[in-house]
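# Reading the structure
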Amino acid sequence: MKKRILIALSILVVLGLFVSCWNTKKKTNEEGAKDSSLVDIEQPITPNVSQKLSSVVSDELLLDAPTTARYVLSTSAQLAENKLVKFDFNKDGKEEVIVLGRDHPNGVRVLATRKGIGQNLINDITEGSFFDSYGELKSQYAIQVTVVDVNGDNQSEVVVSIGKSGERVDSFFYLIKDTDKGSFNYIGSIKGKNRAELTPTHKIELVNLENQSVTYEIYNNELALVK
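So, a few notes on the structure that sits alongside this text.

What counts, and where the lines are drawn
- Residues numbered from 1 in each chain as written.
- Predicted model: local features only at pLDDT ≥ 70, side-chain atom pairs only at ≥ 80, totals over all residues.
- Heavy atoms only, no water.
- Helix = DSSP H or I, 4+ residues; strand = E, 2+ residues; numbered from the N terminus.
- Buried < 20%, exposed > 50% of the residue type's maximum accessible area, 1.4 Å probe, protein only.
- Contact = heavy atoms within 4.5 Å.
- Polar contact = N/O pair within 3.5 Å; in protein donor to acceptor, adjacent residues only side chain to side chain.
- Pairing = 2+ DSSP bridges.
- Axes fitted to C-alpha atoms, helices over the stretch in contact; angles between N-to-C directions.

All right, on to the overall build of the protein then. From N to C terminus, the protein includes one helix and 13 strands. What you see in the protein, going N to C, is helices and strands ordered as α-β-β-β-β-β-β-β-β-β-β-β-β-β. When the 227 residues of the protein are sorted by exposure, 39% land in the buried category. At a minimum sequence separation of 6, the contacts of the protein that also span at least 24 residues come to 41%.

Shown next as structure tokens:
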């Protein structure tokens, strides 16, 4: 009787080890698959405040900026692949991360994370003409997320631009400041322009559909019309 009990216990131990190993392997594979869905866009660009991104990259940019900026850009079809941009906002050695890709079960996400709190910045964008009834980006449009010093305070701001270059581009601006609701604070948008550029003097220059030029800046933490 004791021999049978020992044999049964041995079988249970072996089965337990097998299940444990299988679960560990499954978890590792799942985590690997999850990690591989994120593409860190490393930009081989030498930062230069007087040089435009458009002069060194082939992307059809929605917002041009000095090469001190970091950005990711996806067309509607490219949103199936998550892209991320990493930056250290306050130079504390801890990176902030923004992920651009599809949301689930549908829609788009621009997931910005700082200090463990994530915010989907797409929730601040109320302009519905870029999206279909399911919240998916329409096929003719793209989204660009740019991390750059917009107001000249030597700290990064975030700009989410949506549209098609040469036709219409809307840009949505975020200051980074820690609050109980998160760190990415929406301060306003500039809509209905077909070209947009952040200048080395920290001005946002735009040309609208009638080919009229206007300039904005961030003043007192708000978007302000310069001329």
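This is not the end of the story, as more comes after the structure.
Turning our eyes to something else, we now look at the environment of Asn120. The residue Asn120 is located in strand β6 (residues 117-120) in this model. Discounting chain neighbours no more than four positions away, the residues touching Asn120 are Asp103, Val108, Arg109, Val110 and Leu111. Of the polar contacts made by the side chain of Asn120, one reaches the backbone nitrogen of Val110; its length is 2.9 Å.

A separate point is the sheet that holds strand β7 (residues 142-148). Overall, antiparallel pairing links the eight strands, which are arranged β2-β7-β8-β9-β10-β11-β12-β13 in an open sheet. The sheet terminates laterally at β2 (70-75) and β13 (222-225), the two strands that pair on one side only. Within the sheet, the average angular offset between the axes of one strand and its neighbour, ignoring direction, is 25°. Bridging between β7 and strand β8 (residues 157-164) involves seven bridges; their strand directions are antiparallel. Each bridged residue has a counterpart across the sheet, and for Val145 the counterpart in β8 is Val160.

Here we take up unusual backbone geometry. Following His104, the chain continues into Pro105 via a peptide bond in cis, with omega recorded as 5°. Located in the positive-phi region is His202, a residue other than glycine, with phi close to 65°. Relative to the helices and strands, His202 resides in the loop between β10 (182-198) and β11 (204-208). Even without glycine at this site, Asn220 takes up a positive phi of about 50°. Mapped onto the secondary structure, Asn220 falls in the loop between β12 (213-219) and β13.

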